Amino acid sequence: MRGLVAAAMLLALVGGLPWALVRFVGWPLPDHLPTLDEIGAVLMAPMSTSFLLDGVACLAWLLWFVFALEVAACALDVASGARALELRLRTGPLRRVAAVLVGTLLVAVLGRAASAAPVTSVDPARPAGHAPVVATAPAWTATQPESHTALSCPPGTERVREAANGVHDSLWRVAQRCLGDGDRWPEIWALNQGSTQPSGRLLTNPNRIHPGDVLRLPAQVTPVPPSATGEDTPPPAPQTPTPTGTPAPAPARPADPPAEDIGGGGVTWGGEIFVSLGLAGAVSALLVLARRRRHARYRPGSGRRADDLPIPPAVYQLRLAHLRAQHGDEDEALQAETADTESPAGPRSEDQMQVLAARVRHVVPALRWDSGLDTAVREVDGNEIEQIALDLAAVHGLGLVGPGGYAAARALVLAALTTTDGPVTVLVPADDLTRLLGLPVAGPLPDRITVVADLDAALTVLDSHPTHQESRQPGLRTILVASPPREPEPQTRLQQLLDNGAPSGISAVLLGQWRAGVTAYVTSDGIISATDPGHGEPLRGARAFTLPDTATRDLLAFLHTTQSPQPSQPHDESSAEEAAPADRTQRLEIVTGPPPAESDDDHPAPPTTEDRSPGVHTPLTLAIFGGPTLHWRPDPNRPGDLSDVTGHLTSRLLELLVFLAVHPRGVSRDAIVDALWPDHPPRNPASVLRTVLSRIRRALDTATRGTIPDLVLGEHGHYRLNPALVHVDYWAFTDAVSRRRTAPTPDQRIEAYEAIVACYGGTLADGLDAEWLTAAREATRRDALDAVAALARAHVDTDPDYTLDLLETARAFDPHNELLYRDIMRLQHVLGKHDAISRTLTLLHTRLTEIDATPTPDTIDLAQRLRAYHTGIPTEKTRPSPEP
């Protein structure tokens, strides 16, 4: 029927139009060459009806002539072997009309010829030449066998199929259809690279095949039915009428993908933010790394304190969510234990953080090329939460539509940039990045984001990506984030790239419908209300992870700051002028500049010790330098006999004891609640705190056989450790700091500095991850480093050996401080220990690797100079050289 209509329209335009012009209008041009007087008379006279008709007829004759030329060109293309799809890709309005009519007529003629061709029947009950009637579907596989039969191929070959319902054929799909394994497409490409196709084109790119191309297949190929190949499930064909009384069978839901027994879940606050706990953990780890790098730039002796790393609100909330998830089970038990005494819970505020813990994690589809990106969570069995991770490469791209599509795409981008499964590069056109972030990008982006001009440039970059499995770098993945193309040619190119590049780590998140992979409709509240059948079904009804544009911009800026730092001056810029240049090999940087000013504003006044008992007389000893431990002394007469009772305390109980130890004078109940539960205070803080103290009493009663009374004293909402029962090593350190501040003479100040260094036993509460501890931990460490700097300033001229020992001690306090290593190498040179310089530089390399950094060029140059100077430069010069 379509062929008849196309033939009629083609005949009417080619033959009917000129006949109508001649029959009803006549010849529009004059029968002689007009004179200038005749032309002027016509132009000056009013326009007549005959003149208007003649002008329109001239234009119609011109259009007919151009159209006839286009039809002739299309006929020549057909004669040279062009296909219907290639005709429709021609440019120009008249060429397109001609191509559509000629192509439709061509398909109709070929289809007629195919229908007339004899068919060999494999069913003995069916006569030869009888072809079954196939119900037509919207351009899917049900119509493909017809054209495939019409354009028969030699044995051992396969013809590339026409696009159907927006899905184009590719080498991967040919291998999946004919070989049973799409990953074997490189074998097909090896056989066909450089071959000449029926259209006369050479195959030069595996991602550029066209319908009608004939591909040779590897030997001993047994075609595999689509149901056994695991090929992507096609869109459902229209349901055929079902006889009355015979219900149509309901489509079976695919079995759930295998689950991993790992913890996961999501965290939400503010109404718009809902991200995975995996992202929260990755951001938390990056924040810790960024802080360590910043703290390593501290210059001992400078006395600087107010230089904390600025943290965006989204980063801080994710850090708190990660910490909360670590204590989730214990906090839930505390809430359950105090539920009977608490008042009924009111409605939850959207601004209040909520953590959804998932016990299992599903990868959709089954684990193939990577472990997937956390995409959504869903509720199962009424109360349990499971997490869904989507393998973007295995599903050949994810399209996101709906009001929540952009927010879900932003969450996937952040999940890809922070994944621990290997480096991921995000490729995004500039316009799509602007739409995704809500504003044009003003600041720097992480190095893993590559911004290109447009989609065509992105496809060119992907074309250069190694697609053969044997050339793939382990763990290297590229994710394209872009709006899907609308034209057929870039659609074909993108789909073939995603199909063939899937085993090599090429995938896509598309900001629109994507028929060749999975498309999900995300509502404004993040619910995935509809998906394509097949791989998309496990996502249906789940809640997608979403991020607003403001939080996404903050997180991208934070990720940029946490990248591996470029080699530069590693210490505070404000002290750069005071520090000696690296080429002055004899001058210690730690002693340059004026000594830090004594100020009581650096720290609050330390607690008095008049109510404390000496440590040897207390039954308990709490050490919070290094890993926090609590020891019990059963016999006061045997001070060396200690029993470790730390194992009787849970993480929350131990954290409360450390918090009280850092505040010897005691703190209020509100301060305790704000420190231990900063993001989700209990509904009844007093009740929860009483429960925690009760657990401490029961744990110590069990560990000490009932010999220890209340360790924590509480009076009028104020809590502190009982100094008569416990000795804390941190208290001796604060006493030394207090003596240093109040020392009236230099000798007493030196004595206080030595006490500070002796009392500092390492990182404060090492291993305890709490946000409130960050400031106290760094302030304590800097007090110790300042004490080392002061002692080095006092002894460097008279006792370089003792000064070297001090710097070695300081290096243990701050193992990533490059300044300390440089001064150690200078003293080793002064003392003639030249072989130790190389070992010190090697140790610096090793330590900086822990924070993903490298030594600066100045440090490396200094080591080389010192190792060379010992052959001709005296080593007894320790005084700073005069300024030039």
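Preceding this paragraph is the structure being described.
Residues numbered from 1 in each chain as written. Predicted model: local features only at pLDDT ≥ 70, side-chain atom pairs only at ≥ 80, totals over all residues. Heavy atoms only, no water.

K.L.:
Is there a simple way to think about the overall build of the protein in this case?
P.N.:
Along its length, the protein carries 27 helices and 24 strands. Going through the 884 residues of the protein one by one, you find that 46% of them count as buried. Across the protein, the fraction of contacts at a sequence separation of at least 24, relative to all contacts at a separation of at least 6, is 72%. When the accessible area of the protein is evaluated, it comes to approximately 43200 Å², of which 57% is carbon and sulfur surface. (Helix = DSSP H or I, 4+ residues; strand = E, 2+ residues; numbered from the N terminus. Buried < 20%, exposed > 50% of the residue type's maximum accessible area, 1.4 Å probe, protein only. Contact = heavy atoms within 4.5 Å. Areas by Shrake-Rupley, 256 points an atom, 1.4 Å probe, with all protein chains shown as cover.)

K.L.:
Can you help me understand the packing of aromatic side chains in this one?
P.N.:
A ring pair, where both rings are aromatic, is described by two values, the distance of the centres and the angle of the planes. Enumeration according to the criterion identifies eight aromatic pairs in this entry. Between Tyr730 and Phe733, the aromatic rings sit 6.4 Å apart at their centres with planes inclined by 25°, giving stacked as the arrangement. Taken as a pair, Tyr730 and Phe733 lie in helix 21 (residues 729–742) at a separation of three residues, close to a single helical turn. A relative accessible area of 10% places Tyr730 in the buried class. Here Phe733 falls in the buried class, since its relative accessible area comes to 2%. Through pairs of rings, three or more aromatic residues link up here, namely Phe625, Tyr730, Phe733, Tyr760 and Phe813. For the cation-ring pair, Arg543 lies above Phe274, with the distance from its terminal atom to the ring centre recorded as 4.1 Å. (Phe/Tyr/Trp six-rings, centres within 6.5 Å; stacked < 30°, edge-to-face > 60°. Lys NZ or Arg CZ within 6 Å of the ring centre and 35° of its normal.)

K.L.:
Would you take a moment to explain empty space enclosed by the protein for this structure?
P.N.:
Empty space left among the atoms is revealed by rolling a probe the size of a water molecule over them. If you walk through the whole model with that rule in mind, you get six cavities of 30 Å³ or more. Computed from the structure, the largest cavity encloses a volume of approximately 110 Å³. Contributing to the lining of the largest cavity are 14 residues, with Leu323, Arg652, Ala675, Leu676 and Pro678 lying nearest its centre. Among the secondary structure elements, those contributing two or more residues to the lining of the largest cavity are helix 11 (313–326), helix 18 (651–662) and helix 19 (669–676). (1 Å grid on protein atoms, 1.4 Å probe; cavity = no way out; pocket = protein on both sides within 12 Å on 5 of 7 lines; lining within 4 Å. Points joined across faces, edges and corners; volume = space filled by probe spheres on them.)

K.L.:
What exactly am I supposed to notice about the side chain of Ser276 here?
P.N.:
Position of Ser276 among the secondary structure elements: in strand 5 (residues 273–276). Residue classification places Ser276 among the buried positions, given a relative accessible area of 4%. Excluding anything up to four places from it in sequence, Ser276 contacts Gly265, Gly266, Asp374, Gln387 and Phe545.

K.L.:
Teacher, can you tell me more about the sheet that holds strand 23 (residues 718–721) here?
P.N.:
In any sheet, the strands associate via hydrogen bonds between backbone groups, in a parallel or an antiparallel arrangement. Taking strand neighbours across the sheet as the criterion, the three strands line up as 21-23-22 in an open arrangement whose pairing is antiparallel. This sheet does not close on itself; its edge strands, each paired only once, are strand 21 (667–668) and strand 22 (712–715). Summarising the sheet, strand 21 and strand 23 pair through two bridges and their orientation is antiparallel. Residue pairing across strands places Val667 opposite Tyr719, the latter belonging to strand 23. (Pairing = 2+ DSSP bridges.)

K.L.:
Teacher, can you tell me more about helix 16 (residues 488–501) here?
P.N.:
It helps to recall that an α-helix has 3.6 residues per turn; residues three or four apart then point in one direction. Compared with the 20 Å implied by 1.5 Å per residue over 14 residues, the 20 Å span of helix 16 between its first and last C-alpha is a close match. Extensive coverage of helix 16 is indicated by the burial of eleven of its 14 residues. Of the residues making up helix 16, those classed as buried are Gln491, Thr492, Arg493, Leu494, Gln495, Gln496, Leu497, Leu498, Asp499, Asn500 and Gly501. Check the buried side of helix 16 and you find it contacts helix 7 (171–178), helix 8 (185–192), helix 15 (455–463), strand 13 (477–482) and strand 14 (506–510). (Expected span 1.5 Å × (residues − 1).)

K.L.:
I keep staring at the pattern of salt bridges and nothing clicks. Help me out?
P.N.:
Working definition: two side chains of opposite charge can pair if their charged atoms are close together. Counting across every chain of the model gives 30 salt bridges. One salt bridge in this structure joins Glu778 and Arg782, with 2.7 Å as the shortest N-O distance. Of the two residues, Glu778 and Arg782 are both situated in helix 23 (residues 773–795); the distance of four residues between them amounts to about one turn of the helix. As far as burial versus exposure is concerned, Glu778 and Arg782 are alike and both buried. Across the pair Arg781 and Asp814 runs a salt bridge, and its minimum N-O distance is 2.6 Å. (Salt bridge = Lys/Arg side-chain N within 4 Å of Asp/Glu carboxyl O.)

K.L.:
Teacher, can you tell me more about the pairing of strand 14 here?
P.N.:
Along any regular strand the residues' side chains alternate between the sheet's two faces. Of all five residues in strand 14, five are buried, a share of seventy percent or more. Taking every second residue as pointing to the same face, both faces of strand 14 are buried, with Ile506, Ala508 and Leu510 on one and Ser507 and Val509 on the other. Bridge analysis of strand 10 (residues 398–401) against strand 14 gives two bridges, and the strand direction is parallel. The residue bridging Gly399 from the neighbouring strand is Leu510, located in strand 14. Strand direction decides the pairing type here: strand 13 and strand 14, joined by five bridges, are parallel. The residue bridging Leu480 from the neighbouring strand is Ala508, located in strand 14.

K.L.:
Would you mind going over the packing of helix 10 (residues 277–295) against helix 17 (residues 549–561) with me for this structure?
P.N.:
A pair of packed helices can be characterised by two numbers: the angle between their axes and the separation between those axes. Following both chains from N to C, one finds helix 10 and helix 17 inclined at 45°, their axes separated by 10 Å at the closest point. As summarised for this structure, helix 10 and helix 17 are arranged oblique, according to the angle between their axes. As for how helix 10 packs across helix 17, the hand of that crossing is left-handed. Listed contacts from helix 17 to Val283, Leu286, Leu287 and Arg293 of helix 10 are Leu555, Phe558, Leu559 and Thr561. Partitioned by chemical class, the residues of the contact of helix 10 with helix 17 number six nonpolar, one polar and one charged. (Axes fitted to C-alpha atoms, helices over the stretch in contact; angles between N-to-C directions. Parallel < 35°, antiparallel > 145°, perpendicular 65-115°, else oblique. Left-handed = near helix turned anticlockwise from the far one by under 90°. Nonpolar A, V, L, I, M, F, W, Y, C, P; charged D, E, K, R; others polar.)

K.L.:
Sorry, what's going on with unusual backbone geometry here?
P.N.:
Within the chain, His396 stands out as a residue other than glycine whose phi angle is a positive 60°. Within the secondary structure, His396 sits in the loop between strand 9 (384–390) and strand 10. Even without glycine at this site, Arg705 takes up a positive phi of about 60°.

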